[in-house]
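As a plain string of letters, each chain reads:
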Amino acid sequence: AAPLVVAVSTAIAAKKGLLIRNRASFENARLIEAVVFDKTGTLTRGEFGVTNIASSSPFTEEEVLSLAAAVEAHSEHPIARGILTSAEERQLSIPQVSHFQSLTGKGLQGEVDGKEVMVVSPGYVRSEKLSINEESLNEWSEEGKTVVFTLVNGKIAGMIALADIIRDTASEAINKLKQINIKSIMLTGDNAKVAQYVGAKLGIDEIFAEVLPHEKSDKIVYIQKNEGLRTAMTGDGVNDAPALAKADLGIAIGTGTDVAIETADVVLVKSNPMDVLNIITLSKATYRKML
Ligand code: ADP
Ligand code: MG
């Protein structure tokens, strides 16, 4: 009878939009003790809108945005879509870019009219020791906004703040996990202040922020080894894939990148954080019956 129960559960799961790609990991989902969530695109919708722009002379705010949009036209990151949409809404002309390069976990770069243009994180700007408009950066970050810098030939031309929307059921998912004694952890490449803002709204137990893509999987190992917890990882990005692979249960958001989906043990077709809980509950129900 046991295999039948599993087959039925897999079918129930599929009907609910939980795509089980790895049966063994689904079985072990009932033993999960910590759930790690990526922020952008996982706890949030990853649908950014530009809310503020600041420029340094001689650049205008419109130039800061159109230069950023030129480089972002080559990226698939949620930030890219936000910047492009905003530039289009303002009907700015978007210049051509050559020598495009993605700087993993830091941002992007390309050449516009013989000038090197970069769109990068506050962390990168800090590491280059460039002087920052700390006041605006602080103010915007504390409002939970993601801030990127536009650099031209290595100098700051301006900064752009983008706001994302927390997914409707994220808070409920974190609460329900807490009720069944599962720790919730945020793992993000974004700024610590933004991470704090979102984490506090959701009641997340622990936050790792400003984590570079190659460090995400190290954090999973840290949680497994040092905290001694069986760990699920939930993510959507290319940068989440190694962490999804390292976790005891890798969960991809349905709207995520192909790499994340191909690496995951389970795919949440509806991109609903509550479905993380549904997997664990269904795994418990399924394999309890078999004992
Ligand atoms: P998360 O882990 O929350 O999904 P990422 O690791 O994808 O975040 O990105 C981390 C940070 O790197 C972003 O907050 C941003 O500062 C910078 N970044 C990544 N991709 C881009 C991009 N296309 N344009 C500008 N900045 C980017
Ligand atoms: Mg993400």
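Everything quoted here is computed from the prediction, not taken from an experiment.

Chemist: Before we go on, may I ask you to explain the nonpolar core in this structure?
Modeler: Counting residues in each nonpolar core, the largest one holds 47 residues, and the members touching the most others are Val35, Val36, Ala232, Ile251 and Val266. A total of five residues in this core trace back to one element, the largest contributor, which is helix H13 (residues 274-288). Those residues within four positions of Val266 in sequence are excluded, and the remaining contacts are Leu18, Leu19, Ile20, Arg21, Phe26, Leu249, Ile251 and Ile279. Grouped together as the second largest cluster of nonpolar side chains are 33 residues, Ala70, Leu108, Trp140 and Ala157 included.

Chemist: Please clarify how the sheet that holds strand E8 (residues 155-163) should be interpreted in this entry.
Modeler: Think of a sheet as strands paired side by side through backbone hydrogen bonds, with each pair either parallel or antiparallel. If you trace the six strands from one edge of the open sheet to the other, you get E3-E8-E7-E6-E5-E4, paired in antiparallel fashion. The open sheet has two free edges, formed respectively by strand E3 (49-55) and strand E4 (98-103), since each of these has just one partner strand. Here the average twist between neighbouring strands, direction ignored, is 15°. Bridging between E3 and E8 involves six bridges; their strand directions are antiparallel. Across the sheet, Val50 pairs through a bridge with Leu162, a residue of E8. The strands touched by helix H4 (residues 61-72) within the sheet are E3, E4, strand E5 (107-112), strand E6 (115-120), strand E7 (146-152) and E8, with E8 carrying the most contacts at an inclination of about 80°.

Chemist: Where do I start with the sheet that holds strand E2 (residues 34-38) in this structure?
Modeler: Reading across from one edge, E1-E13-E12-E11-E2-E9-E10 is the order of the seven strands in this open sheet, with mixed pairing throughout. The sheet terminates laterally at strand E1 (18-20) and strand E10 (206-208), the two strands that pair on one side only. Neighbour-to-neighbour, the strand axes of the sheet open up by a mean angle of 20°, direction not taken into account. With four bridges connecting them, E2 and strand E11 (residues 231-235) associate as parallel partners. Within the sheet, the bridge partner assigned to Phe37 lies in E11 and is Thr234. Where H13 meets the sheet, it contacts E1, E2, E11, strand E12 (249-253) and strand E13 (266-268), and its direction lies at approximately 50° from that of E1.

Chemist: What's the story with unusual backbone geometry in this structure? I'm lost.
Modeler: Residues other than glycine predominantly adopt negative phi, and peptide bonds predominantly adopt the trans conformation. In this structure, Pro58 follows Ser57 across a cis peptide bond, with omega equal to 15°. Tracing the sequence through the fold places Pro58 in the loop between E3 and H4. A positive phi is found at His99, a non-glycine position, where the angle reads about 55°. With respect to the secondary-structure elements, His99 resides in strand E4. Residue class for His99 comes out exposed when judged on the 9 C-beta atoms lying within 10 Å of it. Even without being glycine, Ser271 reaches a positive phi, approximately 55°. Position of Ser271 relative to the elements: it lies in the loop between E13 and H13. Classification of Ser271 by C-beta neighbours within 10 Å gives buried; the count is 20.

Chemist: So what exactly am I meant to see when it comes to the packing of H4 against helix H5 (residues 78-89) here?
Modeler: At a minimum axis separation of 9 Å, H4 and H5 run at an interaxial angle of 130°. For the element pair H4 / H5, the angle class is oblique. Handedness of the H4/H5 crossing: left-handed. Contact residues: H4 offers Leu65, Ser66, Ala68, Ala69 and Glu72, while H5 offers Ala80, Ile83, Leu84, Ser86 and Ala87. In the contact of H4 with H5, the residues fall into seven nonpolar, two polar and one charged.

Chemist: What's the story with the domain arrangement of the protein in this structure? I'm lost.
Modeler: On domain assignment, one finds that the protein holds domain 1 (2-45 + 165-288) and domain 2 (49-163). When each unit is reduced to the centre of its C-alpha atoms, the spacing between domain 1 and domain 2 is 30 Å. When residues of the side of domain 1 that touches domain 2 are traced back to their parent elements, those giving at least two are helix H3 (39-43) and helix H9 (192-202). It is H9 that contributes the most residues to the side of domain 1 that touches domain 2, four residues altogether.

Chemist: Help me understand the site of ligand 1, please; the structure alone is not making it clear to me.
Modeler: Around ligand 1 lies a shell of 23 residues, among which Thr40, His77, Gly107, Ser121 and Gly189 are the nearest. Secondary-structure elements contributing two or more residues to the shell around ligand 1 are H3, H5, E5 and E7. Considering only residue class, the shell around ligand 1 consists of six nonpolar, 12 polar and five charged. Each of domain 1 (2-45 + 165-288) and domain 2 (49-163) accounts for three or more of the residues forming the shell around ligand 1.

Chemist: Please explain H4 as it appears in this structure.
Modeler: Note: α-helices contain 3.6 residues per turn, so residues at a spacing of three or four share the same orientation. The end-to-end C-alpha separation of H4 is 16 Å, in line with the 16 Å expected for 12 residues at 1.5 Å each. Every buried residue of H4 is accounted for by Val64, Leu65, Leu67, Ala68, Ala69, Ala70, Val71 and Glu72.

Here is what the cut-offs are and how they apply
- Residues numbered from 1 in each chain as written.
- Chains lettered and ligands numbered in written order.
- Predicted model: local features only at pLDDT ≥ 70, side-chain atom pairs only at ≥ 80, totals over all residues.
- Core = buried A, V, L, I, M, F, W, Y, C linked by C-beta atoms within 7 Å.
- Buried ≥ 20, exposed ≤ 12 C-beta atoms within 10 Å, placed from the backbone.
- Helix = DSSP H or I, 4+ residues; strand = E, 2+ residues; numbered from the N terminus.
- Contact = placed C-beta atoms within 7 Å.
- Pairing = 2+ DSSP bridges.
- Axes fitted to C-alpha atoms, helices over the stretch in contact; angles between N-to-C directions.
- Parallel < 35°, antiparallel > 145°, perpendicular 65-115°, else oblique.
- Left-handed = near helix turned anticlockwise from the far one by under 90°.
- Nonpolar A, V, L, I, M, F, W, Y, C, P; charged D, E, K, R; others polar.
- Domains from an automatic or database assignment.
- Near = placed C-beta within 6 Å.
- Expected span 1.5 Å × (residues − 1).

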